[in-house]
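Residues per chain, in single letters:
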Amino acid sequence: YYGDSTEMGVATTAVMQQTLGKLQEIDLSLDAAVTADVIIVESGRVHMGELVEAYNNFLEAHAVAKPPTLSIRVVAAIDLDSPLEITITARKATTTGKGNAQV
């Protein structure tokens, strides 16, 4: 997270926007996301509800058909004093010779 806000809803939305931007750079959308690994600092644990709400709202606003599997880990600190980090694993669908989509 490269923003200034430590308010969890704002930070989560900013991280998701940054993530979407990165996916779009490689011609993917949030629908390509398979997993989302969230790392949150210990002091942010009390704001976990805000994080999950902002995360879900972002996916809903972008009409993600199948949300990625979410895992959350609490740590003592993150580089750059960030309150959270989200890592998305995505796969690009490919088509077979029969016209079927494979992931």
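Since the structure is predicted, the reported quantities are computational estimates derived from the model, not experimental observations. (Residues numbered from 1 in each chain as written. Predicted model: local features only at pLDDT ≥ 70, side-chain atom pairs only at ≥ 80, totals over all residues. Heavy atoms only, no water.)

**Observations concerning the overall build of the protein chain**
Working step 1: Scanning the protein chain for helices and strands turns up two helices and five strands.
Working step 2: Listed by position from the N terminus, the elements making up the protein chain come as α-β-α-β-β-β-β.
Working step 3: A separation threshold of at least 6 residues defines the contact pool for the protein chain, and within that pool the share at least 24 residues apart is 79%.
Working step 4: When the accessible area of the protein chain is evaluated, it comes to approximately 6500 Å², of which 51% is carbon and sulfur surface. (Helix = DSSP H or I, 4+ residues; strand = E, 2+ residues; numbered from the N terminus. Contact = heavy atoms within 4.5 Å. Areas by Shrake-Rupley, 256 points an atom, 1.4 Å probe, with all protein chains shown as cover.)

**What to know about the side chain of threonine 12**
Working step 1: Within the element layout of this structure, threonine 12 appears in helix H1 (residues 8–25).
Working step 2: Ignoring sequence-local partners within four residues, the contact set of threonine 12 consists of Leu51, Ala54, Tyr55, Leu84 and Ile86.

**With respect to the layout of surface pockets**
Working step 1: Computed from the structure, the second largest pocket encloses a volume of approximately 210 Å³.
Working step 2: Lining the second largest pocket are 11 residues, and of these Asp31, Ala32, Ala33, Val34 and Lys66 lie nearest its centre.
Working step 3: In terms of residue class, the lining of the second largest pocket is made up of seven nonpolar, one polar and three charged. (1 Å grid on protein atoms, 1.4 Å probe; cavity = no way out; pocket = protein on both sides within 12 Å on 5 of 7 lines; lining within 4 Å. Points joined across faces, edges and corners; volume = space filled by probe spheres on them. Nonpolar A, V, L, I, M, F, W, Y, C, P; charged D, E, K, R; others polar.)

**Describing the environment of arginine 91**
Working step 1: Position of arginine 91 among the secondary structure elements: in the loop between strand E3 (84–90) and strand E4 (94–95).
Working step 2: With relative accessibility at 49%, the residue arginine 91 sits in the partly exposed group. (Buried < 20%, exposed > 50% of the residue type's maximum accessible area, 1.4 Å probe, protein only.)

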